[in-house]
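Coordinate analysis (summary)
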Amino acid sequence: MKTTRTCQLLIVVIFLSMGTAAADLPAEENEVPDVKQNTEGEEEEEQVPPLGPLGERVVAGQSVYSQEETPAPEEAGQAQGEQGHEEPQEFVVVGEEKEDLPDQPPPPKPKPKEIPVVIGGTAAGEPCVFPFLFLGKEYADCTTEGRRDGRLWCATTYDYDRDKKWGFCETEEQAEERRQAEEMEEQYQSAVRMINTTNRRSQKREAYERLLKISGKGHTKASEKVAYAMLFGDYMAQNVTKAKDLFEKLALEGSPKAQMALGFLYAAGLGVNSSQAKALVYYTFGALGGNLVAHMILGYRYWGGVGVPQSCESALTHYRLVANHVQSLSSVANDVSLTGGSAVQRIRLLDEVENPGSTSSMLEEDLIQYYQFLAEKGDIQAQVGVGLGQLHLNGGRGVEQNHQRAYEYFNQAANAGNTHAMAFLGKMYSEGSEFVPQNNETALQYFKKASELGNPVGQSGLGMAYLYGRGVPVNYELALKYFQKAAEQGWVDGQLQLGFMYYNGIGVKRDYKQALKYFNLASQAGHILAYYNLAQMHATGTGVMRSCHTAVELFKNVCERGRWSERLMTAYGSFKDGDMDAALVQYLLLAEQGYEVAQSNVAFILDQTEGSRIFSENETYPRALLHWTRAAAQGYTVARIKLGDYHFYGYGTDVDYETAVIHYRLASEQQNSAQAMFNLGYMHEKGLGIKQDIHLAKRFYDMAAEASPDAQVPVFLALCKLGFIYALQYLQDLNLKEAVSQVDLDQLLGPEWDLYLMTVIALLLGTVIAYRQRQHQAPLRPPPVPPRPAAPAPPADQPDQQQQQQPAPAMPEEQ
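Residues numbered from 1 in each chain as written. Predicted model: local features only at pLDDT ≥ 70, side-chain atom pairs only at ≥ 80, totals over all residues. Heavy atoms only, no water.

**Looking at the overall build of the protein**
- Summing up its helical and strand segments, the protein has 37 helices and 6 strands in all.
- The buried share among the 815 residues of the protein stands at 46%.
- Taking the intrachain contacts of the protein between residues at least 6 apart in sequence as the baseline, contacts between residues at least 24 apart amount to 57%.
- For the protein, the computed accessible surface area is about 43300 Å², with 53% contributed by carbon and sulfur atoms. (Helix = DSSP H or I, 4+ residues; strand = E, 2+ residues; numbered from the N terminus. Buried < 20%, exposed > 50% of the residue type's maximum accessible area, 1.4 Å probe, protein only. Contact = heavy atoms within 4.5 Å. Areas by Shrake-Rupley, 256 points an atom, 1.4 Å probe, with all protein chains shown as cover.)

The following block contains the structure:
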């Protein structure tokens, strides 16, 4: 145990010392391999741009603007003089206690290129010369040009055409290995393209079978995808044990994805005995290898103190690195220029089960087809109202990205005079795609037409055109004017661009307070770049008091908008299909990354009696309790109430009424939960974990009824029960026999009270008898009957009326 703890501490110290250097390592675009919507380019590694502890980048729209690092004190004056303005004092935080991190090491010097020595040919044993000239073209490396066998060769003098000096750069065995590797890579890319371009499950299964064969030949990327497919059950039979074996093999070869996956397996206890120490080691190795998901997991662990000492600054380092990559990908991909980024669909399984369909943010397929039918019939208002064009433009909500269909919907609506459709057509022409060619002039026409009709999207598009000079000369004043018009109408992109202009002093005087204001407004609409810019300002103390906690929360929000968030919908699909094990494993990985909704979904699946079969029955409640605890720490009210229930009933822990009261009280005071108030009233009523007090119980019941209309009926029943119990308790405390025995009537009514009572009773009795006798002796005299006039003779044709008008026979008294 001591040795394990010592190794763990050494790993943590090494990682902290290399934390800032991790930004220099290559990072992969997609760190959860085998997400079903991955693109081919996500497999390639990219260099993450380094940021110093106080360095920052504020981005706007489609372009990324990096600000230079804060100059050293001796260079500050010179830098201010060159820029013509004074740098704000907020960039340098004085007196702020934070973790001492070493400066970034200088970038390593590039190693000189190794010059191969040729084999065979006409100059065996001589080194290659680069570049060399062959058939009038220069080559800077070995080439296969001019050879049918595909072997690499080079010239040993500059001019091969003149000297004919050449040789092979590889042996025949090496050439054969290279050809096999190239063939496997081609097969791998073909399988990946099939996965990304088809929606048929049969074709996806076929593609994964190809990947399995390629993996057997030693292809690393194919092995990674196959291992993740086995782990998650993606179009392959779920097999955690085989996935673990593959990950261990890949980890020995230095795969950061495999190292991260092994860390996840040890953290969750899947296929191995749970070990947080080993999980931390593998996560650290994965992060040092540039795996962004490993960085994100470590950021969450340092933020919440999960298995490591809580450290806001360490969490900020990891989250900032991932956020830099996420926002740069969003900007380059133009996914956030006018839409604020793709929305992450967070579906809570608890709400979905209790209210099916009410909380799902994914549009049903038949509903989409219905709206498409309305659009084809010419109901443009319905089309634009639902946003079919925007759905197909950006994808999401169960709709795949399709620029052709988006263009058709927008064009149809624009012809009918819809200004939003005109503006989004301008956006499509401004950014360009495979279907719509990039054309600034056409985009400008659509933006102008929409702007003249008062559309904020068109106004924002015109502002972007004048800001970056797309089809028009750069004019910051006009850009500011159009952005202000769009922002006044609440358009998020206008707010973001105004914040960017005020932050950098473009067209206006630099004003960080105004920049903060507009970034806050844009963030309320969920714009990812607004979150990123706010995080940078809070992290560096620019225009606002430095707050590490706020910066981490904002960076965490940006990180959770990465491509790996698509796994949320994949896990939800597995849950809807009834594959609880696959859904649980996917939600477990997302929970490790810090997704609160994934943590609550993991706990919900484990809480069900028919839940996953991965864990034994005696493990489900303790694991569910762990994830309810993590979800509650992130502010989820239902999770806090669940914690109270678990301690109240003893699920996964001992029965502890005092702890249950603490959780219920937190949910009541912090989230104003009616359920928590009702539970507190019940515990006050019964005296469980707290002093019994009927009056406080009634108070909490009343508060629960005021907090939620749904609680009024159960509160009414509880109050009726409480009133009945209170009455019984009052009668028990009263003791009637003792009360009657203590009453002295002689003192109360006098010594002759019995005579008085008998006299009163006799008088009452005599009065009643006299009244009854008087009623029997009174004669019955009916009132006199007035004389009745003789009725005229009725007509012959109305005998019935005559009979009806005859006087009724006299009563006995009248006779």
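**Focus on the packing of aromatic side chains**
- Tallying each qualifying case throughout the model produces 28 aromatic pairs.
- Centroid distance Tyr-532 to Phe-555: 6.0 Å. Interplanar angle 65°. Geometry classified as edge-to-face. Taken as a pair, Tyr-532 in helix H23 (residues 528-540) and Phe-555 in helix H24 (residues 548-559) lie far apart in primary sequence, 23 residues in all. Note on accessibility: Tyr-532 and Phe-555 belong to one class, buried.
- An aromatic cluster is defined as three or more aromatic residues linked by ring pairs; in this entry it consists of Phe-130, Phe-132, Phe-134, Tyr-139, Trp-153, Tyr-160, Trp-166 and Phe-168.
- The side chain of Arg-151 reaches across the aromatic face of Phe-168, ending 3.8 Å from its centre.
- Sitting over the ring of Tyr-636, Arg-348 keeps its end group 3.8 Å from the ring centre. (Phe/Tyr/Trp six-rings, centres within 6.5 Å; stacked < 30°, edge-to-face > 60°. Lys NZ or Arg CZ within 6 Å of the ring centre and 35° of its normal.)

**Looking at the nonpolar core**
- With 158 residues, the main nonpolar core has Leu-231, Phe-247, Phe-264, Leu-265, Leu-270 and Tyr-587 as its most contacted residues.
- If we skip the residues at most four places from it in the chain, Leu-265 touches Leu-231, Val-240, Lys-244, Phe-247, Leu-270 and Val-272.
- Counting residues in each nonpolar core, the second largest holds 14 residues, with Cys-128, Trp-153, Cys-154 and Tyr-160 among its members. (Core = buried A, V, L, I, M, F, W, Y, C linked by side-chain atoms within 4.5 Å.)

**Points about unusual backbone geometry**
- For the bond running from Phe-130 to Pro-131, omega is -5°, close enough to zero to count as cis.
- By secondary structure assignment, the location of Pro-131 is in the loop between helix H2 (73-83) and strand E3 (132-134).
- One non-glycine residue with positive phi stands out, namely Lys-164, at about 60°.
- Relative to the helices and strands, Lys-164 resides in the loop between helix H3 (160-163) and strand E6 (166-168).

**Side note on the packing of helix H9 (residues 276-288) against helix H10 (residues 292-304)**
- In contact at an axis separation of 8 Å, H9 and H10 are set at 130° when each is read in the N-to-C sense. Classified by the interaxial angle, the pair formed by H9 and H10 is oblique. Two packed elements cross with a definite hand, and for H9 against H10 that hand is left-handed. Across from Gln-276, Leu-280, Tyr-283, Thr-284, Gly-286 and Ala-287 in H9, the residues of H10 making contact are Ala-294, His-295, Ile-297, Leu-298 and Arg-301.
- Class assignment of the residues belonging to the contact of H9 with H10 gives a composition of 6 nonpolar, 4 polar and 1 charged. (Axes fitted to C-alpha atoms, helices over the stretch in contact; angles between N-to-C directions. Parallel < 35°, antiparallel > 145°, perpendicular 65-115°, else oblique. Left-handed = near helix turned anticlockwise from the far one by under 90°. Nonpolar A, V, L, I, M, F, W, Y, C, P; charged D, E, K, R; others polar.)

**A few points about the state of the cysteines**
- Summed over all chains, the structure comprises 3 disulfides.
- The side chain of Cys-142 participates in a disulfide bridge whose partner is Cys-169; the two sulfur atoms lie 2.1 Å from each other. Between Cys-142 and Cys-169 the disulfide shows an S-S torsion of about -85°. By sign, it is left-handed. In this pair, Cys-142 sits in the loop between strand E4 (137-139) and strand E5 (153-155) while Cys-169 sits in the loop between E6 and helix H4 (172-197), placing the two residues 27 residues apart along the sequence. Neither residue differs from the other here; Cys-142 and Cys-169 are each classed as buried.
- By sequence-ordered numbering of the bonded cysteines, the protein has its disulfides arranged as 1-3, 2-4, 5-6. (Disulfide = S-S within 2.5 Å.)

**Observations regarding a nonpolar patch on the surface**
- There is a patch of nonpolar side chains on the surface, built from Val-713, Phe-716 and Leu-717 and spanning about 340 Å² of accessible area.
- On the secondary structure map, Leu-717 appears in helix H33 (residues 712-734).
- Judged by relative accessible area, Leu-717 falls into the exposed class, the value being 53%. (Patch = residues over 30% accessible without salt bridge, like charges linked within 9 Å, V, L, I, M, F, W, Y side chains within 5 Å. Salt bridge = Lys/Arg side-chain N within 4 Å of Asp/Glu carboxyl O.)

**Digging into helix H26 (residues 580-592)**
- Helix length check: H26 (13 residues) gives 18 Å between terminal C-alpha atoms against 18 Å at 1.5 Å per residue, within 8%.
- In terms of residue burial, H26 counts as a mostly covered element, since 12 of its 13 residues are buried.
- Among the residues making up H26, those that are buried are Asp-581, Ala-582, Ala-583, Leu-584, Val-585, Gln-586, Tyr-587, Leu-588, Leu-589, Leu-590, Ala-591 and Glu-592.
- Where H26 terminates, the next one or two residues include Gly-594, which has phi positive at roughly 100°. (Expected span 1.5 Å × (residues − 1).)

**A word on the pattern of salt bridges**
- Tallying each qualifying case throughout the model produces 23 salt bridges.
- Between Arg-346 and Glu-560 there is a salt bridge, with its nearest N and O atoms 3.2 Å apart. Separated by 214 residues along the polypeptide, Arg-346 in the loop between helix H11 (312-332) and helix H12 (349-354) and Glu-560 in the loop between H24 and helix H25 (566-576) bring together distant segments of the chain.
- One network of salt bridges, in which partners are shared, links Glu-170, Arg-178 and Glu-182.

**Describing H25**
- The buried fraction of H25 is high, at 8 of 11 residues.
- Of the surrounding secondary structure, the elements contacted by the buried residues of H25 are helix H6 (220-232), H12, H26 and helix H27 (596-607).
- One or two steps after H25, the chain reaches Gly-578, where phi turns positive at roughly 85°.

**Digging into the environment of Cys-548**
- Note on placement: Cys-548 falls in helix H24.
- Residues Cys-548 and Ala-535, 13 residues apart in the sequence, show an inter-C-alpha distance of 9.0 Å.
- Aside from chain neighbours lying at most four places away, what touches Cys-548 is Cys-312, Glu-313 and Leu-316.

**Let's talk about the confidence of the model for the protein**
- Across the protein, pLDDT averages 77, with 71% of residues at or above 70.
- A low-confidence stretch, residues 62-105 stays under pLDDT 50, and its non-local contacts, those more than four residues away or across chains, total 69 contacts.
- A low-confidence stretch, residues 331-341 stays under pLDDT 50, and its non-local contacts, those more than four residues away or across chains, total 36 contacts. (pLDDT = per-residue confidence, 0-100.)

**Here's the deal with the packing of H10 against H24**
- Between H10 and H24, the least distance of the axes is 12 Å, while the angle of their chain directions is 150°. Looking at the two axes, H10 sits roughly antiparallel to H24. The chirality of how H10 crosses H24 is left-handed. Across the interface between the two elements, Met-296, Tyr-300 and Trp-303 from H10 touch His-549, Val-552, Glu-553, Lys-556 and Cys-559 from H24.
- Along the lines of polarity and charge, the residues of the contact of H10 with H24 split into 5 nonpolar, 1 polar and 2 charged.

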